[in-house]
Amino acid sequence: MKIDNGKISASQFMFAVACFIQASTLLTAFFISVTKQDSWIVSIFGFLIGMIFLWIYTALMKNFPNKNLVEINDLVFGPVIGKIFSFIYIYFFLTLSALNLKDMGDFVGIAIMPDTPTIVILVSFMCICAWAVRGGIEIVTRYSLFFTFTTSFIIIVTFFLAFNDIDFNNFLPIFNQPFMKYLQGTHIISTIPFGEIVVFLMVTPNIEIPKNKIGKYFTLGFAIGGISLILIILRDIAVLGNVITLFTFPSFETLRMIRLSSTLGRMEVLFAVILITLMFFKISFLYYVSVLVISQIFKLNSHKNIVIGVGIIIIIYSTNLYYSMIQHMEHGSNITPFQWLIYEFLLPLITLTVAKIRKISSSEEGN
Amino acid sequence: MLYVIIIFLIISFIDLPNLIKKDSKKELIVVCSILCFGFILSSLYALGIDLPSPLVGIENFLKNILKLGYKDQ
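Starting afresh in each chain, residues are numbered from 1 along the sequence in its written order. Note on labels: chains are lettered from A, ligands numbered from 1, in written order. Under the rules for a predicted model, residues below a pLDDT of 70 receive no local features and side-chain atom pairs below 80 are neither given nor counted, while totals for whole chains, interfaces and linings still include all residues. Side-chain measures here rest on the full set of heavy atoms in the structure, leaving out hydrogens and waters.

1. Section: the overall build of chain A
Per the secondary structure count, chain A includes 15 helices and zero strands. Judged by the C-alpha coordinates and their principal axes, chain A covers about 65 × 45 × 35 Å. For each residue, the accessible area found with a 1.4 Å probe, counting protein chains only, is set against the maximum for its type, and the residue is called buried under 20%, exposed over 50%, and partly exposed in between. For chain A, the residues scored as buried account for 62% of the 367 residues in total. We get accessible surface area from the Shrake-Rupley algorithm with a probe of 1.4 Å; when it comes to residues, only the shown protein chains can shield them. With an accessible surface of roughly 14300 Å², chain A has 68% of that area assigned to carbon and sulfur atoms. Helix and strand definitions here come from DSSP, where helices need a minimum of 4 consecutive H or I residues and strands a minimum of 2 consecutive E residues; each element is numbered from the N-terminal end.

What follows is the structure, given as structure tokens:
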């Protein structure tokens, strides 16, 4: 049964995927501190491994057309174990929303408004996100096209504007680090920006296209997002060089160094603007998916009633997660990739394997 | 603390009368329990009491007991 009856078109879906991945360009500090100037190699490998995740999700989408992630779990595992899997996904989506909200609050709190208490920023941001989520999937993804084009335009423009500061010697020495660092970097990239597209399994019934064509749009959106991420990393390493490990937000520092003429300096305000808009999209999408999972498990009539409650839980959860940014960075580089691997790779793979073994597919259910 | 109570009263006055009029028991229970959970969490935050974070707990479990984790250098 569908709770939200909105319909989105295939191109909106594709740009939503691209926008979602582009919003993770803030999180480059996780793997840049690990593989310092070789981060571009690691991100290309991470992109290729992300394609494996993508293949699992498109296989699930093709086997069960017009079914949510929660409904797929119920079909494949039966009512009791399916609900347990869906509860695990509630925890994952709530944690993702809280983490992204915390990132956004930290960025605004450090770079733009240092004296404002964090909770004021978070609450005012979540009010707008809650308003968008109450409208449903159409309103959440309505501006994905505009955001993606604006972000890509700004990325390309700043790439050309930073031409004066690019020094290709900053990429050397190549392949100089122990192998474990490359493995760790690939692991971080494939799970933290690229693996979070598992949330798109929840909105499959709302897409207005025959489901065997959906793989093409999913892959195209993923490719747009991935290429943007790789371009940004290349630009940052080329401009900043070895200093890149010192910064929490490397792209911010890159844009600080751009001077077009004596009047057109201070480009970092562009970065702040696109970051806040992209994080708005990502957080409201994750918020929407959390609300949808909860209302699907308890079989509510509409998702609009629990929006405010879930929003309050996410805000308080995000203040509670880590006690400092340093702990966030440390855990994010070392342990979080393993935990995300469980939710993004292991659980969908188990679902797909059990579905193949039991020979269940949605067409046989007569639905 | 007083502000937390006032804000939750305002939120319940926005949401709950429609649900009570429609007389759907299950929705009322779910919405009320989520709001109660949020109320407890935010009053604990307003009183300054810190709860342990579940994410850190799971990550410590993965790191120390299952020994999955990269060593930081």
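2. What about the interface of chain A and chain B?
Bring the parts together and some accessible area is lost; that lost area is often taken as the interface size. What makes two residues a contact is simply this: any of their non-hydrogen atoms within 4.5 Å. Contact residues are listed per partner, giving 40 residues for chain A and 31 residues for chain B. Buried area: the sum, over both parts, of the accessible surface (1.4 Å probe) that disappears when the two are put together. Counting the surface lost from both chain A and chain B, the interface buries some 3100 Å², and carbon and sulfur atoms represent 68% of this. In terms of surface lost to chain B, no three residues of chain A exceed Asn305, Ile335 and Phe338 of chain A, which account for 18% of the buried area on that side. Whenever a carboxyl oxygen of Asp or Glu lies within 4 Å of a side-chain nitrogen of Lys or Arg, that contact is scored as a salt bridge. Counting every contact that joins chain A to chain B gives zero salt bridges. Among the elements of the structure, α5 (79-112), α6 (118-135), α9 (179-191), α13 (307-320), α14 (325-334) and α15 (336-358) of chain A are those that each provide at least two residues to the side of chain A that touches chain B. It is α13 of chain A that contributes the most residues to the side of chain A that touches chain B, nine residues altogether. Under the scheme applied, nonpolar residues are Ala, Val, Leu, Ile, Met, Phe, Trp, Tyr, Cys and Pro; charged residues are Asp, Glu, Lys and Arg; polar residues are all the others, including Gly. For the side of chain A that touches chain B, a count of residues per class yields 21 nonpolar, 15 polar and four charged.

3. Remarks on the nonpolar core
The nonpolar side chains of a soluble globular protein tend to be buried with one another. Here, the term nonpolar core denotes a set of buried Ala, Val, Leu, Ile, Met, Phe, Trp, Tyr and Cys residues that are joined through side-chain atoms within 4.5 Å. One finds Phe93, Ile197, Phe200 and Tyr287 of chain A to be the most contacted residues of the largest nonpolar core, which totals 134 residues. If one sorts the elements of this core by residue count, helix α12 (residues 268-297) of chain A sits on top with 17 residues.

4. Regarding the layout of surface pockets
The definitions used throughout rest on a 1 Å grid laid over the protein atoms alone, on which a cavity is an enclosed set of points accommodating a 1.4 Å probe that cannot get out and a pocket is an open set flanked by protein within 12 Å on both sides along at least five of seven lines; lining residues are those having an atom within 4 Å of a point. Grid points are joined across faces, edges and corners, and a volume is the space filled by probe spheres set on the points. Of the pockets and cavities examined, the largest pocket occupies roughly 640 Å³. Lining of the largest pocket is provided by 25 residues; of these, Val123, Ile312 and Ile315 of chain A together with Ile7 and Ile11 of chain B occupy positions nearest its centre. Listed by contribution, the elements that provide at least two residues to the lining of the largest pocket are α6 and α13 of chain A together with α1 (2-22) and α2 (25-46) of chain B. When its residues are assigned to classes, the lining of the largest pocket shows 22 nonpolar, two polar and one charged.

5. Overview of the UniProt feature "transmembrane region" (unreviewed entry) in chain B
UniProt positions are given in the numbering used here, feature names are shortened, and annotations may be inferred rather than shown by experiment. The positions that UniProt labels "transmembrane region" (unreviewed entry) are, in the present scheme, residues 28-47 of chain B. Overall, residues 28-47 of chain B shows 95% helix and 0% strand. The separation of its end C-alpha atoms is 28 Å.

6. Things to note about α13 of chain A
Here a helix's expected span is defined as the number of its residues, less one, multiplied by 1.5 Å. Taking 1.5 Å per residue, 14 residues should reach 20 Å; α13 of chain A reaches 20 Å between its end C-alpha atoms and fits that length. Across the 14 residues that make up α13 of chain A, a large majority, 11, are buried. All buried positions along α13 of chain A are accounted for by Val307, Gly309, Val310, Gly311, Ile312, Ile313, Ile314, Ile315, Ile316, Tyr317 and Ser318 of chain A. Check the buried side of α13 of chain A and you find it contacts α5, α6 and α12 of chain A together with α1, α2 and α3 (54-64) of chain B.

7. Comments concerning the packing of α5 of chain A against α12 of chain A
When two helices pack together, their arrangement is given by the angle between the helix axes and the distance between those axes. Residues and elements named next belong to chain A. Helix axes are fitted to C-alpha atoms over the stretch in contact, other axes to C-alpha atoms as well, and angles between N-to-C directions run from 0 to 180 degrees. Running from N to C, α5 and α12 point in directions that differ by 160°, and their axes come no closer than 9 Å. The orientation of α5 relative to α12 falls into the category roughly antiparallel. Both α5 and α12 take part in a crossing whose hand is left-handed. A class-by-class count of the residues in the contact of α5 with α12 yields 22 nonpolar, four polar and three charged. Should an angle lie under 35 degrees it is considered roughly parallel, over 145 roughly antiparallel, and from 65 to 115 roughly perpendicular; all remaining angles are considered oblique. Helix crossings fall into two classes, left-handed where the near helix is turned counterclockwise from the far one by less than a right angle and right-handed where it is turned clockwise.

8. As for the environment of Ser33 of chain A
Residues and elements named next belong to chain A. Counting through the fold element by element, Ser33 comes out in the loop between α2 (29-32) and α3 (39-63). Ser33 sits 110 residues away from Tyr143 along the chain, and the two C-alpha atoms are 33 Å apart. Every residue in contact with Ser33, bar those within four places of it in the chain, is listed here: Thr245 and Ser333. In this structure the side chain of Ser33 is engaged in a polar contact, spanning 3.4 Å, whose partner is the backbone oxygen of Phe30. Any pair of nitrogen or oxygen atoms within 3.5 Å is treated as a polar contact; in protein, a donor-acceptor pairing is required on top of that, and neighbouring residues in sequence qualify only through side-chain atoms on both sides.

9. Overview of the packing of aromatic side chains
Residue and element names in this part refer to chain A. Here a pair means two rings of Phe, Tyr or Trp (six-membered ring of Trp) with centres within 6.5 Å. Their orientation is stacked below 30 degrees between planes, edge-to-face above 60, and tilted elsewhere. Taken as a whole, this structure holds 34 aromatic pairs over all chains when the rule is applied. A ring pair is formed by Phe15 and Phe149, whose centres lie 5.6 Å apart and whose planes are at 50°; its orientation type is tilted. Pair noted here: Phe15 is in helix α1 (residues 10-22) and Phe149 is in helix α8 (residues 144-161), with a separation of 134 residues, a long-range link. By relative accessible area, which is 13% here, Phe15 ends up buried. Looking at Phe149, the relative accessible area reads 53%, which means it is exposed. Taken together, the ring pairs connect Phe13, Phe20, Tyr143, Phe146, Phe147, Phe200, Phe218, Phe281 and Phe285 into an aromatic cluster. Of note, Lys282 hangs over the ring of Phe20, and the distance from its end group to the ring centre comes to 5.2 Å. Charge over a ring is defined by NZ of Lys or CZ of Arg lying within 6 Å of the ring centre and within 35 degrees of the ring normal.

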